[in-house]
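What follows is each chain in one-letter form.
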Amino acid sequence: MIGGGLAGCAVAYHLARDGGADVLLLERGELNAAASGNNSGSFHAQIPVEPFLNQGEGWARRFAPTLHLMMAGIARWMELPAELAAPELEVTAKGGLMVARRPAELAMLRRKSAIERQQGLEVRLLDRGELLALAPYLAPDSIGGTYCPIEGKANPLMAAFAFARAAQRHGARILGRTRTIGMTRDGDAWLVATDAGVVRARRVVNCAGAAAGEVASWLGLDLAVEAHPIQVTVTERVAPLVPHLVYSAADRLSLKQTAQGSVIIGGGWPARLHPVTGLPVVSEESLIPNLRLAIAAVPAVARMRVVRSWAAIVNGTQDWRPILGELPGAAGVFLCFFPWMGFTAGPHVARVIAELALGRRRADDPEIAGFAPGALA
Ligand SMILES: Cc1cc2nc3c(=O)[nH]c(=O)nc-3n(C[C@H](O)[C@H](O)[C@H](O)COP(=O)(O)OP(=O)(O)OC[C@H]3O[C@@H](n4cnc5c(N)ncnc54)[C@H](O)[C@@H]3O)c2cc1C
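Residues numbered from 1 in each chain as written. Predicted model: local features only at pLDDT ≥ 70, side-chain atom pairs only at ≥ 80, totals over all residues. Heavy atoms only, no water.

Chemist: Looking at this structure, I do not really get the sheet that holds strand 15 (residues 262-270). What am I missing?
Modeler: Judged by pairing direction, the sheet is mixed, and its eight strands sit side by side in the order 4-5-3-13-14-15-12-18 without closing on themselves. In this open sheet, the two strands that pair with only one neighbour each are strand 4 (124-127) and strand 18 (306-316). Each strand axis lies, on average, 25 degrees off the axis of its neighbour in the sheet, ignoring direction. In the sheet, strand 3 (residues 96-100) pairs with strand 13 (residues 245-248) via four bridges, with the strands oriented parallel. Residue pairing across strands places L97 opposite V246, the latter belonging to strand 13. Across the sheet, helix 9 (residues 284-297) touches strand 12 (226-237), strand 13, strand 14 (254-257), strand 15 and strand 18, and the angle it forms with strand 15 is around 130 degrees. (Pairing = 2+ DSSP bridges. Helix = DSSP H or I, 4+ residues; strand = E, 2+ residues; numbered from the N terminus. Axes fitted to C-alpha atoms, helices over the stretch in contact; angles between N-to-C directions. Contact = heavy atoms within 4.5 Å.)

And the structure:
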């Protein structure tokens with residue numbers, strides 16, 4: 001296993017628990033220190049607004065099969081607190097609201113939700129009265145929206161660790177601060193080179209997130225995966241106000257309140273890379289419009305103090321579709337890569353990839369065949 005984010009820790013758990021495999025997870029830094037531990041913790045099931053506006057309905061139809069993996073991801077999240085003995089995951093699903101303030105936004109939501117419903121997602125169009133009755137904290141100039149009851153949230157600071165602990169209980173070994181640096185074929189196995197020595201493995205699972213392309217390049221493959229710095233903001237704790245996951249139909253916004261009362265404001269606004277360190281840092285040019293959108297949707301946010309903003313690298317693909325399966329020409333090497341919304345789908349796709357690696361699921365399984373590396377959308 002390469003990578004100790006949510007994907008890597010969850011794949012390790014399933015390989016060890018379900019397959020009794022001898023699992024070694026290699027993480028170059030600390031567990032959960034990349035995207036998985038720095039995200040907003042939203043469970044997304046509705047098609048995101050920004051690519052819908054920028055890439056259009058044709059894109060949305062190609063993307064739409066991905067919704068099944070997100071729905072399955074949310075269903076899987078519901079099982080995790082009990083299964084992993086981890087109540088600290090704070091899994092809740094009180095529904096997501098995409099809020100329109102202009103007629104054109106409502107028309108867009110109507111078109112988008114029709115595509116979502118075709119995939120079996122429950123999404124209801126709400127008029128102004130229904131919306132404000134369900135969510136009286138929303139701005140009075142909201143004119144309607146969509147409601148998707150399965151959307152919700154969990155605590156990203158806890159999830160990968162809960163999987164890692166459970167994997168270790170089933171015998172998996174986890175090595176932090178151990179960077180994988182190359183891979184070569186050795187008979188029916190792979191020699192995985194690390195900065196602490198070489199490991200021989202019959203199967204390798206690439207869960208390197210935004211660095212998955214670099215890992216695949218060692219095998220001569222060009223995966224076209226992307227890495228983007230994006231940012232999130234959190235407010236002080238306030239009394240319970242927002243039970244839902246709130247989006248804006250105008251632009252990038254996700255807003256929710258944690259179990260402790262803080263309001264988390266994100267949506268994928270770009271951060272910057274520091275010119276000297278190369279590390280992601282918060283961009284003011286994104287912070288202001290992101291907060292403006294939050295206040296436009298939920299006016300009470302204007303009275304809350306911001307405590308912190310942070311930036312991290314998200315794993316992306318241009319078409320927002322995941323890449324899942326065995327790498328072509330590299331038998332025994334599997335990729336578990338879910339872009340942009342990998343917190344939502346991670347626990348499900350990790351189990352799917354573990355089943356593939358264990359030979360318990362076929363590569364032509366319709367749930368994933370269309371997402372295989374090299375598959376055409
Ligand atoms: C700010 C932000 C907000 C987000 N909000 C949401 C959200 O609300 N909902 C949602 O569904 N998704 C969200 N996402 C996306 C989600 O966090 C990611 O898609 C998901 O966490 C990816 O998980 P991963 O395990 O594949 O990758 P990561 O968590 O990035 O883990 C990859 C790991 O691989 C390690 N690694 C890389 N190369 C090597 C190597 N050579 N050797 C050893 N280890 C290596 C890295 O150090 C890292 O720990 C957000 C992301 C960000 C950044």
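Chemist: Is there a simple way to think about helix 1 (residues 6-19) in this case?
Modeler: Count 3.6 residues to each turn of an α-helix, and residues three or four apart come out pointing the same way. Given a rise of 1.5 Å per residue, 14 residues ought to cover 20 Å, and the 19 Å separating the end C-alpha atoms of helix 1 matches this to within 8%. Here helix 1 lies mainly inside the structure; ten of its 14 residues are buried. Inspection of helix 1 places L6, G8, C9, A10, V11, A12, Y13, H14, L15 and A16 among the buried residues, and these make up the whole buried set. With its phi angle positive at about 55 degrees, G20 sits one or two positions after the end of helix 1. (Expected span 1.5 Å × (residues − 1). Buried < 20%, exposed > 50% of the residue type's maximum accessible area, 1.4 Å probe, protein only.)

Chemist: Before we go on, may I ask you to explain the layout of surface pockets in this structure?
Modeler: For the second largest pocket, the calculated volume is near 600 Å³. As for the second largest pocket, its lining consists of 31 residues, of which E90, T258, A259, Q260 and I264 are closest to the centre. Of all the elements in the fold, those that place two or more residues in the lining of the second largest pocket are helix 2 (35-38), strand 12, strand 14, strand 15 and strand 18. When residues of the lining of the second largest pocket are assigned to their parent elements, the largest contribution, three residues, is made by strand 18. A per-class count over the lining of the second largest pocket returns 13 nonpolar, 13 polar and five charged. (1 Å grid on protein atoms, 1.4 Å probe; cavity = no way out; pocket = protein on both sides within 12 Å on 5 of 7 lines; lining within 4 Å. Points joined across faces, edges and corners; volume = space filled by probe spheres on them. Nonpolar A, V, L, I, M, F, W, Y, C, P; charged D, E, K, R; others polar.)

Chemist: What should I look at first to understand the packing of aromatic side chains in this one?
Modeler: The relation between two aromatic rings is expressed through the spacing of the ring centres and the mutual angle of the planes. In this structure the tally under the stated criterion is six aromatic pairs. Aromatic pair W59 and F63: ring centres 5.0 Å apart, planes at 20 degrees, arrangement stacked. Placement of both W59 and F63 in helix 3 (residues 49-63) is noted, with a separation of four residues, approximately one turn of the helix. In this pair, the class of W59 matches that of F63, namely buried. (Phe/Tyr/Trp six-rings, centres within 6.5 Å; stacked < 30°, edge-to-face > 60°.)

Chemist: What exactly am I supposed to notice about unusual backbone geometry here?
Modeler: Keep in mind that most residues, glycine aside, have a negative phi and that most peptide bonds are trans. Of note, R177 is a non-glycine position whose phi angle comes to about 50 degrees, a positive value. With respect to the element layout, R177 can be found in the loop between strand 7 (173-175) and strand 8 (180-186). A positive phi is found at W340, a non-glycine position, where the angle reads about 60 degrees. You can see W340 is positioned in the loop between strand 20 (333-337) and helix 10 (342-357). Take W340: its relative accessible area is 24%, and that puts it in the partly exposed class.

Chemist: I keep staring at the domain arrangement of the protein chain and nothing clicks. Help me out?
Modeler: A common way to state how big an interface is: give the accessible area lost once the parts meet. Its domain assignment divides the protein chain into domain 1 (1-92 + 151-225 + 320-377) and domain 2 (93-150 + 226-316). In this structure, domain 1 and domain 2 have C-alpha centres spaced 25 Å apart. Taken together, the contacts link 39 residues of domain 1 with 45 residues of domain 2. For the pair domain 1 and domain 2, the summed buried surface comes to about 3,400 Å²; carbon and sulfur atoms form 61% of the total. Inspection of the domain 1/domain 2 interface yields one salt bridge. A salt bridge links R111 to E57; the nearest nitrogen and oxygen atoms lie 2.9 Å apart. Linking domain 1 with domain 2 are 19 residue pairs in polar contact (both at pLDDT 80 or more). Elements with a contribution of two residues or more to the side of domain 1 that touches domain 2: helix 2, strand 2 (42-43), helix 3, helix 4 (66-83) and strand 6 (152-153). Counting residues per element, the side of domain 1 that touches domain 2 draws most heavily on helix 3, at seven residues. (Domains from an automatic or database assignment. Buried area = accessible area lost by both parts, 1.4 Å probe. Salt bridge = Lys/Arg side-chain N within 4 Å of Asp/Glu carboxyl O. Polar contact = N/O pair within 3.5 Å; in protein donor to acceptor, adjacent residues only side chain to side chain.)

Chemist: Even after reading the chapter, I still don't get the pattern of salt bridges, so can you show me in this structure?
Modeler: Pairs can form between side chains of opposite charge once their charged atoms are near each other. Overall, the coordinates contain 21 salt bridges when judged by the stated rule. Of the charged contacts in the structure, one is a salt bridge between D186 and R200, with a shortest N-O distance of 2.8 Å. Of this pair, D186 sits in strand 8 while R200 sits in strand 10 (residues 197-201), and the two are 14 residues apart along the sequence. Overall, D186 belongs to the partly exposed group, its relative accessible area being 28%. Here the residues in one salt-bridge network are R17, D18, R76, E79 and E83, joined through shared partners.

Chemist: How should I be thinking about the environment of I323 in this particular structure?
Modeler: For I323, the position within the fold is in strand 19 (residues 323-326). The class for I323 is buried, based on a relative accessible area of 11%. Here the alpha-carbon distance between I323 and P373, two residues 50 residues apart in the chain, equals 5.6 Å. Ignoring anything within four residues of it in the chain, the contact list for I323 reads L223, V225, T317, L335, C336, F337, F371, A372 and P373.

Chemist: Before we go on, may I ask you to explain the packing of helix 1 against helix 7 (residues 159-169) in this structure?
Modeler: When two helices pack together, their arrangement is captured by the angle between the axes and the distance separating the axes. At a closest axis distance of 8 Å, the pairing of helix 1 and helix 7 adopts a crossing angle of 25 degrees. Comparing the axis directions of helix 1 and helix 7 gives the class roughly parallel. The chirality of how helix 1 crosses helix 7 is left-handed. Residue-level contacts link L6, C9, A10, A12, Y13 and A16 of helix 1 to A159, A160, F163, A164, A166 and A167 of helix 7. Among the residues making up the contact of helix 1 with helix 7, the classes are represented as twelve nonpolar, no polar and no charged. (Parallel < 35°, antiparallel > 145°, perpendicular 65-115°, else oblique. Left-handed = near helix turned anticlockwise from the far one by under 90°.)

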